[in-house]
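# Overview (structure and organization)
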Amino acid sequence: GGEVVVAAKKDVVFSGKSSIEKTISTKKFNLLPKLTGANSDGKMSFKSSNKKVVTVSKKGVVTIKGFGKAKITVTTSATDTYKKGSKKINITIIPDKVKGFKVTSPYKELVVCEWKADKKVKSCRIEFATDKAFKNARQYDVNMKKKKYQVEMGGLQGKKCYVRISSFVTVNGKAYYSKVSKVISVKVK
């Protein structure tokens, strides 16, 4: 008699990213095809661990709902060729970069920072340093709605000061920071 030889099923390989960071203004993005990278021909399904941060459709479209972290589990069903497979993708949603950031030194030893407020974000962090690497930088956490902050830079008259800003939100005790602005240098009056 003729024996039937059944080939062993292959493991699913996911070649896509395992961590994705997006800004809140992204609104939506698609996990398929490249972000999962599954080699299986099995049916895919998606599940979000935190629907307050992201939801995900049956077709892999992620909708951003809020700041924070979530895990999306991508599962492929078993087929004649492949085993069932799954992968977790860590998603982090951060604030947008601060817009309209300007720095001036209008008076003796005074540095003034200005920016455009972002309604979705309550706080921003301004960093002042005397070197581009921001070693020993002074940090100030400020209400985003103020749109202006000034700092006395005692002892730095006539010297260059480097300033940058980022916005942040706190979710369940953890801070999520935007990308840092470009560094602006100003000569302190």
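Anything mentioned here points back to the structure above.
First things first, this report covers the structure right here in the doc. Here the residue index of a chain counts from 1 through its sequence in written order. Confidence filtering applies because this is a predicted model: local features only for residues at pLDDT of at least 70, side-chain atom pairs given and counted only at 80 or more, and all residues used for totals across whole chains, interfaces and linings. Side-chain metrics rest on all non-hydrogen atoms present in the structure, leaving aside hydrogens and water.

### Here's the deal with the overall build of the protein
Applicable threshold: In this description a helix means any DSSP run of H or I spanning at least four residues, a strand means any run of E spanning at least two, and both kinds are numbered starting from the N terminus. All radius of gyration figures rest on C-alpha atoms, and the globule criterion is 2.2 Å times the number of residues raised to 0.38. Burial classification: accessible surface area is computed with a 1.4 Å probe over protein chains only, and a residue below 20% of its type maximum counts as buried, one above 50% as exposed, and the rest as partly exposed. Two residues qualify as a contact provided that any one of their heavy atoms is within 4.5 Å of a heavy atom in the partner residue. All accessibility values rest on the Shrake-Rupley procedure with a 1.4 Å probe; residue burial counts only the protein chains present in the view. Charged residues are defined narrowly, with Lys and Arg counted positive, Asp and Glu counted negative, and His plus the chain ends left uncounted. Charge placement uses NZ in Lys and CZ in Arg. For Asp and Glu, CG and CD serve respectively.
Broken down by element type, the protein carries zero helices and 15 strands. Expected size for 189 residues packed as a compact globule is a radius of gyration near 16 Å; at 24 Å, the protein overshoots this value by more than 25%. When the backbone C-alpha atoms are referred to their principal axes, the protein occupies close to 100 × 30 × 25 Å. Looking at the 189 residues of the protein, the share that counts as buried comes to 41%. Within the protein, residue pairs in contact and separated by at least 24 positions form 60% of the contacts whose partners lie at least 6 positions apart. For the protein, the exposed surface amounts to about 11600 Å²; the carbon and sulfur share of it is 49%. For the protein, the separation between the mean place of its 44 positive charges and that of its 13 negative charges on side chains is 5 Å.

### Remarks on the sheet that holds strand 9 (residues 110-114)
Quick reminder of the rule: Note on pairing: DSSP must find at least two bridges between two strands before they are called paired. Helix axes are fitted only over the stretch in contact, all axes being lines through C-alpha atoms; the angle between N-to-C directions runs from 0 to 180 degrees.
Taken in spatial order, the three strands of this open sheet run 8-9-12, and their pairing is antiparallel. Both outer strands of the open sheet, strand 8 (102-104) and strand 12 (148-152), are each paired with one neighbouring strand and no more. Each strand of the sheet is rotated relative to its neighbour by a mean of 15 degrees, with strand direction disregarded. Judged from the three bridges that link them, strand 8 and strand 9 form a sheet pairing that is antiparallel.

### A few points about the state of the cysteines
Threshold: When the sulfur atoms of two cysteines come within 2.5 Å, that pair is taken as a disulfide.
Throughout the structure, instances matching the rule amount to zero disulfides. Here Cys 161 is not disulfide-linked; the sulfur of Cys 113 is the nearest cysteine sulfur, at 8.0 Å. With a relative accessible area of 0%, Cys 161 lands in the buried category.

### Brief notes about the environment of Lys 47
Among the secondary structure elements, Lys 47 is positioned in strand 3 (residues 44-48). For Lys 47, a relative accessible area of 59% puts it in the exposed group. When the C-alpha positions of Lys 47 and Gly 37 are compared, they lie 17 Å apart, and in sequence the two are ten residues distant. The contacts of Lys 47, once residues within four sequence positions are left out, are Val 56, Lys 71, Ile 72 and Thr 73.

### Thoughts on the sheet that holds strand 7 (residues 85-94)
Strand order in this open sheet of four strands is 1-7-6-3, and the pairing throughout is mixed. Edge positions in the sheet fall to strand 1 (19-23) and strand 3, since each of these pairs with one other strand and no more. Strand-to-strand twist of the sheet, defined as the mean angle between neighbouring strand axes without regard to direction, takes the value 25 degrees. Of the pairings in the sheet, the one linking strand 6 (residues 68-76) to strand 7 comprises nine bridges and is antiparallel in character. Across the sheet, Lys 71 pairs through a bridge with Asn 90, a residue of strand 7.

### Observations regarding the environment of Thr 92
Operational definition: Counted as a polar contact is a pair of N or O atoms within 3.5 Å, where, for protein atoms, one must be capable of donating a hydrogen and the other of accepting one, and residues adjacent in sequence contribute only when both atoms are in side chains.
Relative to the helices and strands, Thr 92 is located in strand 7. Note on Thr 92: relative accessible area 13%, which makes it buried. Measuring from C-alpha to C-alpha, the distance between Thr 92 and Ser 19 comes to 7.9 Å, with 73 residues separating the pair along the chain. A polar atom in the side chain of Thr 92 sits 3.2 Å from the side chain of Lys 69.

### Some thoughts on a positive patch on the surface
Under the convention used in this document: For patches, a residue must show more than 30% relative accessible area and have no salt bridge; joins then use 9 Å for like charges and 5 Å for nonpolar side chains, namely Val, Leu, Ile, Met, Phe, Trp and Tyr. By salt bridge we mean one thing: a side-chain nitrogen of Lys or Arg within 4 Å of a carboxyl oxygen of Asp or Glu.
A cluster of like positive charges, contributed by Lys 47, Lys 51, Lys 69, Lys 71, Lys 88 and Lys 174, occupies part of the molecular surface. Along the chain, Lys 174 falls in strand 14 (residues 174-177). When its relative accessible area of 40% is taken as the criterion, Lys 174 is described as partly exposed.

By themselves these figures say nothing about function.
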